[in-house]
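Geometric and topological summary
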Amino acid sequence: MKRVVVGLSGGVDSSVAAYLLKEQGYEVIGLFMKNWHDDSVTISNECPWLEDSNDALLVAEKLGIPFQTVDLSEQYKEKIVDYMFNEYEKGRTPNPDVLCNREIKFDVFMKIAMSLGADYVATGHYCRKGTIEENGKEVFQLLAGKDDNKDQSYFLCQLSQDQLAKALFPIGELTKPEVREIATKLDLITAEKKDSQGLCFIGKVRLPEFLQQKLQPKEGIIVEIPADATVFNQEKPHFNSNEEVFAFEAKRIDYLKVPGKVMGKHQGAHYFTKGQRKGLNVGGTKEPLFIIETDVEKNIIYTGQGNQHPGLFKKALFIANNEVHWIREDLTLKEGETLEVMARIRYRQPLQKATLHQFKDGMYVVFEKPQSAITEGQFVAWHHNDEVLGSGVIA
């Protein structure tokens, strides 16, 4: 009998995942990960993880499976929280959920599960795993979940073959309403529970408040760049290679010398991210202001009116070699090779037509249509049909 450790989060998805595994004849153990207990940065008096671990315990009792709690807060602080602050300080926008899966759930947590004699680790993610044979060896695929509205394969885009080999995603074939229906039939306490928002596992913490506790505020200006600024209509220089073309299309525009209008003040460029609209507190413009660039060193935020402002759009992005990650290692591109894919630069974005171009120092992802708010530090993931082939950190 194969043994599976399920990460029970106290939510409905992982509860139903545990039930399905038991039905399929696995020996199931429920494990709750406690990842945060620094009360200095939670912003409400609620203690979400206590409530969640109680719900997880009640689900485990109802399903008749053993349950325990593991405290991973040290590793979480070191691998996720510290990393996030470092990235924000550099003016990049990290994605804690993608990292949490790579570094915590399918690494630290997986090692604990293996030490309990588990064959697999299971989570309540809406995605599926496939297995194919390539050149006589087993290759694992990460596939989109059946529920288009809930597909979470993007958050797992950094997993490796070793991690996928030991992973199970029991609810990947179901839709959210079907999952809720099963939970209701079983009378599980989590059946009606709302989906968790906020940082993965920190519970009810909103990101700006969280950042403000660690990153010092410093006042700077908000500048509006007009849509007809000459910088957007320059003649393209002559290029000698594709690589030069893509580098030009992917590079940040330096707005320091572009004539703009000071619209107001902010409390720190490192709190803001490209494409952001809320939180600027500047009124009086015909269309809402969107952030088109942040300059953390000079502490300036550049904005433009409306979501079609030319400063928001780019056709290409670059990934340094050490940040290129192939789930399908057998498809890794060699220098000079290209691959047509469908790609997305954020969770829930519809997939976009793009071509991967591998060069000596890294890879360009070149989109058929310009993309809005390509953000440094976020992940781009590329697909073939419903399979995620790989991903990388936007440079």
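Structure first, text after, so check above.
In this report, we go over the structure that sits alongside the text. Worth saying up front: this structure is predicted, and the values here are computed from it rather than measured.

Let us look at the layout of surface pockets. Here the second largest pocket defines a volume of roughly 610 Å³. If you go around the second largest pocket, you meet 23 residues; those closest to its centre are Phe248, Glu249, Ile253, Phe313 and Lys314. Within the residue set of the lining of the second largest pocket, elements represented by two or more residues are helix 8 (242–250), strand 10 (289–295) and strand 12 (313–320). A total of three residues in the lining of the second largest pocket trace back to one element, the largest contributor, which is strand 12. Within the lining of the second largest pocket, the residues separate by chemical class into twelve nonpolar, two polar and nine charged.

Moving on: the sheet that holds strand 11 (residues 300–305). If you trace the four strands from one edge of the open sheet to the other, you get 9-8-11-10, paired in mixed fashion. On the outer flanks of this sheet lie strand 9 (261–266) and strand 10, each paired with one strand and no other. If you compare each strand with its neighbour and ignore which way they point, the axes differ by 30° on average. In terms of strand pairing, strand 8 (residues 220–224) meets strand 9 through five bridges, oriented antiparallel. Bridge pairing links Ile221 to Lys265 in strand 9.

In the structure shown here, the tally under the stated rule is twelve aromatic pairs. Aromatic pair Phe318 and Tyr364: ring centres 4.7 Å apart, planes at 50°, arrangement tilted. Taken as a pair, Phe318 in strand 12 and Tyr364 in strand 16 (residues 362–372) lie far apart in primary sequence, 46 residues in all. Looking at Tyr364, the relative accessible area reads 8%, which means it is buried. Taken together, the aromatic side chains of Phe246, Phe318, Phe359 and Tyr364 make up a single cluster linked through ring pairs.

Parameters and conventions
Residues numbered from 1 in each chain as written. Predicted model: local features only at pLDDT ≥ 70, side-chain atom pairs only at ≥ 80, totals over all residues. Heavy atoms only, no water. 1 Å grid on protein atoms, 1.4 Å probe; cavity = no way out; pocket = protein on both sides within 12 Å on 5 of 7 lines; lining within 4 Å. Points joined across faces, edges and corners; volume = space filled by probe spheres on them. Helix = DSSP H or I, 4+ residues; strand = E, 2+ residues; numbered from the N terminus. Nonpolar A, V, L, I, M, F, W, Y, C, P; charged D, E, K, R; others polar. Pairing = 2+ DSSP bridges. Axes fitted to C-alpha atoms, helices over the stretch in contact; angles between N-to-C directions. Phe/Tyr/Trp six-rings, centres within 6.5 Å; stacked < 30°, edge-to-face > 60°. Buried < 20%, exposed > 50% of the residue type's maximum accessible area, 1.4 Å probe, protein only.

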